[in-house]
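# Structural overview
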Amino acid sequence: MSMNGKVALVTGAGQGIGRGIALRLAKEGARLALVDIRNDALTAVAQEIEALGGKVATFVADVGDRAQVQAAVDHAEQELGGFDVIVNNAGIAQVQAIASVTPEEVERIFRINVQGVLWGIQAAAAKFIARGHGGKIINACSIAGHEGFALLGVYSATKFAVRALTQAAAKEYASRKITVNAYCPGVVGTDMWTEIDRRFSDITGAKLGETYRKYVDGIALGRAETADDVAGLVAYLAGPDSDYMTGQSILIDGGMVYR
Ligand SMILES: NC(=O)C1=CN([C@@H]2O[C@H](COP(=O)(O)OP(=O)(O)OC[C@H]3O[C@@H](n4cnc5c(N)ncnc54)[C@H](O)[C@@H]3O)[C@@H](O)[C@H]2O)C=CC1
Ligand SMILES: CC(=O)C(C)=O
């Protein structure tokens, strides 16, 4: 188990990709701090990890709020007795034509997808520096962080911003033995995609399920991605085999976007 004795904090851990990452890191031997805005979802995932024999603590926090992120990181260290890895996974989608997007919508998605990652980087890096033995910061990007998609323009802009933060933080923290990388999934069949599909349907008149199928048809490996597919990459980025990698935003999309 590559993460024995390590403590990892995962945001947006209540469902979907975050849940998959938390379960995988627990199987790798990590103690887990789970963060989400939904307490009921956190409790359910914590019970799954405990059933595997894992140690887990949960914190309700909104990642867009800097003080709440700091409090979650402080609690994780106190309750689990360490702090080695943060996975800044929480994020929201938005489907809207550029012509009709509002300032409120832009503010909300940048607050969660970009500031949420920034506050996580800041709080975690300060802990790693204070402890003096480095650490790993892992951020949620997307294929939309490598290519702008129609009706997903503002969402894409947030994910391009995550790549920029990942590169800049990698350079700023390298001398402290802190690595910063990002994972960029393609089409993962979570609630996020159910909502994206529904919004496309509202805007374009596509039948429910049609947009999702169209995207999946564009995947070279011929199937939608699972949270476990993403979690495998995150386990690698969280473990010792990736010690010499930093500043990278790695596509894991079954063959959709080639960079
Ligand atoms: N589903 C997909 O196809 C893809 C997802 N991603 C990214 O992966 C990450 C996870 O996505 P999914 O699991 O699909 O989403 P999801 O919508 O299924 O789950 C997101 C989780 O984050 C939590 N959350 C939302 N806002 C929060 C906030 N302000 N503070 C704390 N927690 C919050 C939700 O309660 C939920 O548990 C996101 O950053 C997303 O942009 C990237 C590429 C593809
Ligand atoms: C949700 C997401 O990142 C895409 C583009 O599928």
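The coordinates are above.
Residues numbered from 1 in each chain as written. Chains lettered and ligands numbered in written order. Predicted model: local features only at pLDDT ≥ 70, side-chain atom pairs only at ≥ 80, totals over all residues. Heavy atoms only, no water.

Here we come to the sheet that holds strand β6 (residues 178–185). What the seven strands build is an open sheet, ordered β3-β2-β1-β4-β5-β6-β7; its pairing is parallel. Pairing within the sheet leaves two strands with one partner each, and these edge strands are β3 (56–60) and β7 (249–252). On average, adjacent strands in this sheet sit at an angle of 20° to one another, irrespective of strand direction. Two elements, β6 and β7, share four bridges in a ladder whose sense is parallel. By the bridge assignment, A182 is partnered in β7 with S249. Across the face of the sheet, helix α2 (residues 39–51) comes into contact with β2 (31–36) and β3 while running at roughly 175° to β3. The strands that helix α5 (residues 153–173) touches are β5 (135–140), β6 and β7; relative to β6, the one it contacts most, it runs at about 160°. (Pairing = 2+ DSSP bridges. Helix = DSSP H or I, 4+ residues; strand = E, 2+ residues; numbered from the N terminus. Axes fitted to C-alpha atoms, helices over the stretch in contact; angles between N-to-C directions. Contact = heavy atoms within 4.5 Å.)

Attention now goes to the packing of helix α1 (residues 16–27) against α2. Viewed as axis vectors pointing N to C, α1 and α2 meet at an angle of 20°, and their least axial separation amounts to 10 Å. What the angle tells us is that α1 and α2 run roughly parallel. Between α1 and α2 the crossing geometry is right-handed. Judged by residue contacts, R19, A22, L23 and A26 of α1 engage V45, E48 and I49 from α2. Residue classes in the contact of α1 with α2 are distributed as five nonpolar, no polar and two charged. (Parallel < 35°, antiparallel > 145°, perpendicular 65-115°, else oblique. Left-handed = near helix turned anticlockwise from the far one by under 90°. Nonpolar A, V, L, I, M, F, W, Y, C, P; charged D, E, K, R; others polar.)

Let us now look at the site of ligand 2. Taken together, the neighbourhood of ligand 2 is formed by S142, I143, A144, Y155, G186, M192, W193 and I196. In this structure, Y155 approaches ligand 2 through a side-chain N or O atom, which is 2.7 Å from an oxygen atom. When ligand 2 is considered free in solution it has 230 Å² of accessible area, and contact with the protein chains removes 95% of it. By residue number, the principal contributor to the shell around ligand 2 is helix α6 (residues 191–204), which donates three residues. Partitioning the shell around ligand 2 into residue classes produces six nonpolar, two polar and no charged. (Near = heavy atom within 4 Å. Polar contact = N/O pair within 3.5 Å; in protein donor to acceptor, adjacent residues only side chain to side chain. Areas by Shrake-Rupley, 256 points an atom, 1.4 Å probe, with all protein chains shown as cover.)

For the rest of this paragraph, the subject is unusual backbone geometry. Even without glycine at this site, L151 takes up a positive phi of about 70°. Structurally, L151 can be placed in the loop between β5 and α5. A positive phi angle is found at K177, which is not glycine, with a value near 60°. Inspection of the secondary structure assignment puts K177 in the loop between α5 and β6.

With that settled, the discussion passes to the site of ligand 1. Taken together, the neighbourhood of ligand 1 is formed by 29 residues, with D36, N89, Y155, V188 and T190 sitting nearest. A distance of 3.5 Å separates a nitrogen atom of ligand 1 from a polar backbone atom of A61. Here ligand 1 is seated within the largest pocket. For the shell around ligand 1, the elements supplying multiple residues, two or more each, are α1, α5 and α6. (1 Å grid on protein atoms, 1.4 Å probe; cavity = no way out; pocket = protein on both sides within 12 Å on 5 of 7 lines; lining within 4 Å. Sits in = over half its atoms within 2 Å of the grid points.)

The subject of this paragraph is the packing of aromatic side chains. Two numbers describe a pair of aromatic rings. These are the distance of the centres and the angle of the planes. Inspection of every chain in the model, using the stated rule, returns five aromatic pairs. Between F200 and Y215, the aromatic rings sit 6.5 Å apart at their centres with planes inclined by 70°, giving edge-to-face as the arrangement. Of the two residues, F200 is situated in helix α6 and Y215 in helix α7 (residues 210–217); the sequence distance between them amounts to 15 residues. A single burial state applies to F200 and to Y215, both of which are buried. Taken together, F149, W193, F200, Y212 and Y215 form an aromatic cluster joined through their ring pairs. (Phe/Tyr/Trp six-rings, centres within 6.5 Å; stacked < 30°, edge-to-face > 60°. Buried < 20%, exposed > 50% of the residue type's maximum accessible area, 1.4 Å probe, protein only.)

Right, let's talk about α2 for a bit. Compared with an ideal rise of 1.5 Å per residue, which puts 13 residues at 18 Å, α2 spans 18 Å between its outermost C-alpha atoms and is within 8% of the ideal. Residues of α2 that are buried include every one of A41, L42, V45, A46 and I49, and no others. The arc that holds every buried residue of α2, seen down its axis, measures 135°, which confines them to one face. When the buried face of α2 is taken as reference, the exposed residues oriented beyond 90 degrees from it are D40, Q47 and A51. Of the surrounding elements, those touching the buried residues of α2 are α1, β2 and β3. Of the residues flanking the end of α2, it is G53, one or two places downstream, whose phi is positive at about 90°. (Expected span 1.5 Å × (residues − 1). Arc of directions from axis to C-beta.)

That is the geometry; function is a separate question.
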